[in-house]
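Chain by chain, the residues run as shown.
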Amino acid sequence: MSETHPRYLWWNGQQVRWEEATVHVTELGWSTVGAVFEGIRAYWNAEAGEAYVFRLREHLERLLRSMRLVRLATRWSIGELTDAILRLLRENECREDTYIQPVAYRAAGPKTLSGFSEESGLYIVTRPMPSHLLTGRIVRAKVSSWRRISDEVMPPRVKNISNYRNGQLAAMEAQLDGYDQAILLNQQGKVAEAPGACVMLVRNGKLVTPDVTQSILESITRDALLRLAREELGLQVEERAVDRTELYVAEEVFLCGTAYEITPIGEIDHYQIGDGQPGPVTRALERLYHDIARGIDPRRPEWRTPVGLAERATVSGAGN
Ligand code: PMP
């Protein structure tokens, strides 16, 4: 795609041209404080000429949970949102790895603290996001001096845009201090997550990760990897509170999430992790995740929603 933006967005029930999807500047102020969003990936399979959306249903279910928690009324069903996303990907000709972002926001009511309306608006935008799986990318991380927000302040388990201010502070600190990534501890001093990803470690051959009550997002990638580790690799899995120093003595540590996919960590707070290179469990999971998400490995077909680009190519090819 030569354009720097997609041709279409989906906005409140309609597919609209990018240029036409505008709002007034005074909407900038409070508009996204209570907004929630999703980050979803579609993986392109060149051989099949098709893109597959990874765990679309689970992402849309989480979007509706997020809306419920911040008191935004749902106007569209999972079926309607699924159709909207697949059509958008087809009409934007997304023949590459693509990020899909639905954003639900408060569409009416006072733009102050007092009073609120549950009326929601929703837009969906797509953009190219090449996968870095199997590219050998490895990062250096720092345990942040900032703590993760907790459920009694604002709920980290859903994707409310306001939550991300916390992660941004940690990410900025890490970058200014010369690291690639931050890892935040929760209010109890246990490992929580990174600003945009969950944390997994390997200890004595077991895959260990903070459980969902440790101030983390209920991550869909985390869930996928725990299942693959247990069911396909036969690994033991522990979901539990994780101490900070367990990070330093782990055999392997990696981040996981839709955008981060699987991102191995080579060093945390100047402690080298393993031999500083991605370990065997990380590599095995990375291979499985890549092949399943891209539709190279036929396992878990329920995790892949075909976009319909292959069909479209055949239809337009037949017309030529
Ligand atoms: N934690 C945070 C704070 C995130 O923003 C993300 C990215 N959505 C994740 C974890 C990973 O979640 P998922 O696997 O569902 O993308």
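Each remark here, short or long, concerns the structure printed above.
As the structure is a prediction and not an experimental result, all values here were calculated from the model.

Caption draft 1: Representation of the packing of aromatic side chains. In this structure the tally under the stated criterion is 5 aromatic pairs. With a centroid separation of 5.3 Å and an interplanar angle of 85°, the aromatic rings of Phe54 and Tyr289 are classed as edge-to-face. Remark: Tyr289 occurs in helix α6 (residues 280–293) and Phe54 occurs in strand β5 (residues 50–54); sequence separation between them is 235 residues. Overall, the relative accessible area of 4% leaves Phe54 in the buried class. Its relative accessible area of 1% is what places Tyr289 among the buried residues. Put simply, the rings of Phe54, Tyr289 and Trp303 pair up and form one aromatic cluster.

Caption draft 2: Representation of the nonpolar core within the structure. Counting residues in hydrophobic clusters, the biggest one holds 29 residues, and the most contacted among them are Val53 and Ile124. Listing elements by their share of this core, those giving two or more residues are β1 (8–11), β4 (40–45), β5, α1 (56–69), α2 (78–91), β6 (98–106) and β7 (120–128). Of all the elements, α2 adds the most residues to this core, at 7 residues. Leaving out residues up to four positions away in the same chain, Val53 has contacts with Ile40, Arg41, Ala42, Leu86, Leu89, Ile100, Trp303, Arg304, Thr305 and Val307. Core analysis: the second largest hydrophobic core is formed by 26 residues, Met200, Phe254, Ile292 and Trp303 among them.

Caption draft 3: Quick look at α1. For α1, with 14 residues, the first-to-last C-alpha span of 20 Å sits near the 20 Å given by 1.5 Å per residue. Of all the residues in α1, the buried ones are Leu56, His59, Leu60, Arg62, Leu63, Ser66 and Met67. Taken around the axis of α1, the buried residues stretch over an arc of 155°, which confines them to a single face. More than 90 degrees from the buried face of α1, the exposed residues found are Arg57 and Arg68. Note on α1: the residue one or two positions beyond its end, Arg71, has a positive phi of about 60°.

Caption draft 4: Here's a closer look at the pattern of salt bridges. For the structure shown, the criterion picks out 29 salt bridges. Of the charged contacts, one joins Arg57 and Glu61 as a salt bridge, the two residues approaching to 3.0 Å between their closest N and O atoms. On the criterion of helical spacing, the pair formed by Arg57 and Glu61 is a turn pair, its members being 4 residues apart in helix α1. The partner of Glu232 in a salt bridge is Arg299, with the nearest N and O atoms 2.9 Å apart. Linking Glu232 in helix α4 (residues 220–232) with Arg299 in the loop between α6 and β17 (304–306), this pair joins segments that are 67 residues apart in sequence. Owing to a relative accessible area of 28%, Glu232 belongs among the partly exposed residues under this scheme. By relative accessible area, which is 36% here, Arg299 ends up partly exposed.

Caption draft 5: Representation of the site of the ligand within the structure. Of all residues adjacent to the ligand, which total 17 residues, the nearest are Lys159, Tyr164, Glu193, Thr221 and Thr258. Separating an oxygen atom of the ligand from a side-chain N or O atom of Arg62 is a distance of 2.7 Å. Contacts to the ligand include Thr258, whose side-chain N or O atom sits 2.5 Å from an oxygen atom. In the complex, the protein chains occlude 96% of the 380 Å² of accessible area that the ligand would expose alone. Among the secondary structure elements, those contributing two or more residues to the shell around the ligand are α4 and β14 (252–257). Of the residues in the shell around the ligand, the class split is 8 nonpolar, 5 polar and 4 charged.

Caption draft 6: Region of the structure containing the pairing of strand β9 (residues 181–185). Within β9, 5 of the 5 residues are buried, which leaves it mostly tucked inside the rest of the structure. Here β9 shows no split at all, with Gln181, Ile183 and Leu185 on one side and Ala182 and Leu184 on the other all buried. In terms of strand pairing, strand β8 (residues 139–147) meets β9 through 4 bridges, oriented parallel. Bridged to Val143 within β9 is Ile183. Two strands pair when backbone bridges link them, and β9 and strand β10 (residues 191–193) are joined in this way by 2 bridges, in the antiparallel orientation.

Caption draft 7: Quick peek at the side chain of Glu50. For Glu50, the location among the structural elements is in strand β5. Although Glu50 lies buried, it forms no salt bridge, and the closest oppositely charged side chain, Arg95, sits 7.0 Å away as judged by the N-O distance. Leaving out residues up to four positions away in the same chain, Glu50 has contacts with Tyr43, Trp44, Asn45, Pro306, Val307, Gly308, Leu309 and Ala310.

Caption draft 8: Structural view of the pairing of strand β12 (residues 206–209). Here strand β11 (residues 198–203) pairs with β12 via 3 bridges, running antiparallel. Considered in β12, the bridge of Leu201 is made with Val208. As defined by bridge partners, β12 adjoins strand β13 (residues 237–239) across 3 bridges and the pair is classed as parallel. Bridged to Leu207 within β13 is Val237. In this fold, β12 hands off to α4, which returns the chain to β13; that crossover is right-handed.

The rules we used
Residues numbered from 1 in each chain as written. Predicted model: local features only at pLDDT ≥ 70, side-chain atom pairs only at ≥ 80, totals over all residues. Heavy atoms only, no water. Phe/Tyr/Trp six-rings, centres within 6.5 Å; stacked < 30°, edge-to-face > 60°. Helix = DSSP H or I, 4+ residues; strand = E, 2+ residues; numbered from the N terminus. Buried < 20%, exposed > 50% of the residue type's maximum accessible area, 1.4 Å probe, protein only. Core = buried A, V, L, I, M, F, W, Y, C linked by side-chain atoms within 4.5 Å. Contact = heavy atoms within 4.5 Å. Expected span 1.5 Å × (residues − 1). Arc of directions from axis to C-beta. Salt bridge = Lys/Arg side-chain N within 4 Å of Asp/Glu carboxyl O. Near = heavy atom within 4 Å. Polar contact = N/O pair within 3.5 Å; in protein donor to acceptor, adjacent residues only side chain to side chain. Areas by Shrake-Rupley, 256 points an atom, 1.4 Å probe, with all protein chains shown as cover. Nonpolar A, V, L, I, M, F, W, Y, C, P; charged D, E, K, R; others polar. Pairing = 2+ DSSP bridges. Lys, Arg positive; Asp, Glu negative; His and termini not counted. Right-handed = clockwise from strand over helix to strand, strands pointing away.

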